[in-house]
Amino acid sequence: MAELVLDLAETVAGVGVKTSYGDPVDIDGTTLVPVALGYYGFGAGSGSDGAGDQAGGGGGGGLSIPLGAYVGRSGDVRFEPNLIGLLLVATPLVWVTGKALRMVIRALKR
């Protein structure tokens, strides 16, 4: 089991800025740097039953949502958003904020 964790740690050690910012791409004098929201999750476990039989397993997954790109032209750099990606990221935030406000308002009415 410890070997699985070490192998997993070694595999994801390079995950970092490259997950959020892709390699710059030059197209006709314009530089594009893609931006994404990325996250990963992993889990593993093992155990045995009363007869001494052992079993174990693990799994993982990840998600990457493109948020937009930094566009650079002749020294001018600006962020061009991907509206669908931003909506995907903002929707849960708005939902949680609404639930929290609802709970606060109900508590204040009492």
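- An unreviewed UniProt entry annotates the chain as Putative spore protein YtfJ originating from Agromyces hippuratus.

A look at the sheet that holds strand 1 (residues 25–27)
Then comes step 1: Across the sheet, which stays open at both edges, the four strands sit in the order 1-2-3-4 with antiparallel pairing between neighbours. Each end of this open sheet is capped by a strand with a single partner; those strands are strand 1 and strand 4 (76–81). Each strand axis lies, on average, 30° off the axis of its neighbour in the sheet, ignoring direction.
Then comes step 2: Relative to strand 3 (residues 54–73), strand 2 (residues 30–48) runs antiparallel, the two sharing 19 bridges. Residue pairing for strand 3: Thr30 is matched across the bridge by Arg73.
Then comes step 3: Against the sheet, helix 3 (residues 83–109) makes contact with strand 2, strand 3 and strand 4, and its axis sits at roughly 130° relative to strand 3, the strand it touches most.

Topic: the environment of Val25
Then comes step 1: Structurally, Val25 can be placed in strand 1.
Then comes step 2: Taking the C-alpha atoms as reference, Val25 lies 43 Å from Leu101; in sequence the two are 76 residues apart.
Then comes step 3: Aside from chain neighbours lying at most four places away, what touches Val25 is Thr30, Thr31 and Leu32.

Calculation criteria
Residues numbered from 1 in each chain as written. Predicted model: local features only at pLDDT ≥ 70, side-chain atom pairs only at ≥ 80, totals over all residues. Heavy atoms only, no water. Pairing = 2+ DSSP bridges. Helix = DSSP H or I, 4+ residues; strand = E, 2+ residues; numbered from the N terminus. Axes fitted to C-alpha atoms, helices over the stretch in contact; angles between N-to-C directions. Contact = heavy atoms within 4.5 Å.

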